[in-house]
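Residue strings, one per chain:
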Amino acid sequence: MLTFNYFTNLKDKTIAGLKKRNWDEQKLQWVDEIALLDSERKELQTALDQLKMQVNQASRQIGNLMKEGRHQEAETTKNQVAGHKSEITSLEEKFRTNKERIQELLLKIPNIPHESVPPGASPEDNEVFKAWKAPLPELFPGALSHWDLAEKYQLFDLKLGVKITGAGFPLYRGKGAKLQRALIQFFLDQATAAGYEEIIPPLLVNADTAMATGQLPDKDGQMYYCERDQLYLIPTAEVPVTNVYRDEILEESALPIKLCGYTPCFRREAGSYGADVKGLNRVHQFDKVEIVRLEHPDHSYQALDKMLEHVSGLLDRLELPYRILKLCGGDMGFTSALTYDFEIFSAAQKKWLEVSSVSNFETFQSNRMKLRFRNAEGKTQLLHTLNGSALALARIVAGLLENHQTPDGIRIPAALQPYTGFSRID
RNA sequence: GGUGAGGUGGAUGAGUGGCUGAAAUCAACGGUUUGCUAAACCGUCGUACGGGCUUAAACCUGUACCGAGGGUUCGAAUCCCUCCCUCACCGCCA
């Protein structure tokens, strides 16, 4: 959620940013509407506060008059207060309507893209921030897709997942299951080595938590929901982990805060179809290690670079070819100011698969979360939140199986072998 | 799930209708004193949103907030209702 500053002092920047997200003129009017409503809100509050002050003063007088036994005068004052009360009631009504409308609009306005975000409407317009320099790997004739490899080596079973739950809930078995666990452990160890504190959060969250990181109300339909208990299954560890510090005022010396966490992720992913959903490319439940940072606003973009390095290091160790995209305005998430996507090249499917998304949310989440720090002047200030996948498993598994296959088995990268306990799948 | 007791500022903890935004103590911060440490003494010490105010700081000032939301009253931390949460015991259970 944007702060009011974006609609008053930074209005031009806001308009320009929303245009980068391809907003039409009609929606852009909301910016002016919010500014107008906000100034109305201030006027209403001033009037309301003054009336309340009068009532408060009168009440104190009444108390004193009663003590002194001057009941007649007390009654007169009471009648005066009654007049103010009805005025207050009607002003409060206006005030509430005004605030609700502001809130309603604010929730519809996405984050303002960072100035470096390229314009564009669709994934084709994303900028290749770091290309893969070496030649793309070529597989031998007869190389298989990961879903065929899974069947050949008994690594995971989608049909069993369907029997037990439904489409998009893979069941891993044997070396496939061990590979899954090895990757999680490997990613967590790497994150810990990079200074991230490990968190094991709840997998179900309440509405306040989902609202704070921006999943509600925007992505309501994408989360699984337990009606009876009014809890949401997390779509990413970002949600519970970022919320660890919701409603807190941190000391500047405590920054940066670096957290990581492994969780399963649950996504309903309504509306996807075709080859994109084949095998592990898009599933309803997958495992992911997430890294989260709470940063001083002055350092958040340096922190973002550090996160890119971290994720790059993981992919290097897994010996997977990858590229980094800087998402264009039209493809960025609602809450993000700048997002880099990591894509690995699937040699068997001959296409790029997204395996990580690393974003700086600036104050968009912290404003909703009331997550602040006390700056050098002793004033409270919103800090910046960032997060990134490090990494998402399902597609990494797909890439590993496909790219490291040989005619007589699948090679496990050296970095992973201590975790799997085997060097080949055959 | 049942019964009982509770939810007050960074912490402990007073406060049962009227200068109580909230005593006191501790912690923290600034200062004085001091060979060092310690101690003592003085001071500061919640958040949000408004107004004075024109860009900002400082300062002054108003309103709201004592788990959340409603209600009673001229006036609510205090009384009433609903909900949430915590603790204890019982039940159930990995």
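Residues numbered from 1 in each chain as written. Chains lettered and ligands numbered in written order. Predicted model: local features only at pLDDT ≥ 70, side-chain atom pairs only at ≥ 80, totals over all residues. Heavy atoms only, no water.

Time to look at the domain arrangement of chain A. When the parts of a complex come together, some accessible area is lost, and that lost area is often used as the size of the interface. The domain architecture assigned to chain A consists of domain 1 (4-106) and domain 2 (123-425). Relative placement of domain 1 and domain 2: their C-alpha centres are 43 Å apart. Taken together, the contacts link four residues of domain 1 with seven residues of domain 2. Of the roughly 410 Å² buried at the junction of domain 1 and domain 2 (both faces included), carbon and sulfur atoms supply 33%. Three residues stand out in domain 1 for area buried against domain 2, namely Tyr6, Lys20 and Arg21, and they jointly supply 78% of the buried area on that side. Where domain 1 packs against domain 2, one counts zero salt bridges. Counting across the interface, domain 1 meets domain 2 through three residue pairs in polar contact (both at pLDDT 80 or more). Residues belonging to the side of domain 1 that touches domain 2 are distributed by class as follows: one nonpolar, one polar and two charged. (Domains from an automatic or database assignment. Contact = heavy atoms within 4.5 Å. Buried area = accessible area lost by both parts, 1.4 Å probe. Salt bridge = Lys/Arg side-chain N within 4 Å of Asp/Glu carboxyl O. Polar contact = N/O pair within 3.5 Å; in protein donor to acceptor, adjacent residues only side chain to side chain. Nonpolar A, V, L, I, M, F, W, Y, C, P; charged D, E, K, R; others polar.)

This part is about the side chain of Asn403. Residue position: Asn403 is located in helix H11 (residues 393-403). Only 2.9 Å separates the side chain of Asn403 from the backbone oxygen of Phe345, close enough to count as a polar contact. In this structure Asn403 touches Pro137, Leu139, Leu320, Pro321, Phe345, Ser346 and Ala347, once residues within four positions along its chain are discounted. (Helix = DSSP H or I, 4+ residues; strand = E, 2+ residues; numbered from the N terminus.)

What follows concerns the packing of helix H1 (residues 11-20) against helix H2 (residues 25-67). One way to put it is that H1 packs onto H2 with a least axis distance of 10 Å and a crossing angle of 155 degrees. One finds that H1 runs roughly antiparallel with respect to H2. As H1 packs across H2, the resulting crossing turns out to be right-handed. Residues Lys11, Thr14, Ile15, Leu18 and Lys19 of H1 lie in contact with H2, whose contacting residues are Glu25, Leu28, Val31 and Asp32. (Axes fitted to C-alpha atoms, helices over the stretch in contact; angles between N-to-C directions. Parallel < 35°, antiparallel > 145°, perpendicular 65-115°, else oblique. Left-handed = near helix turned anticlockwise from the far one by under 90°.)

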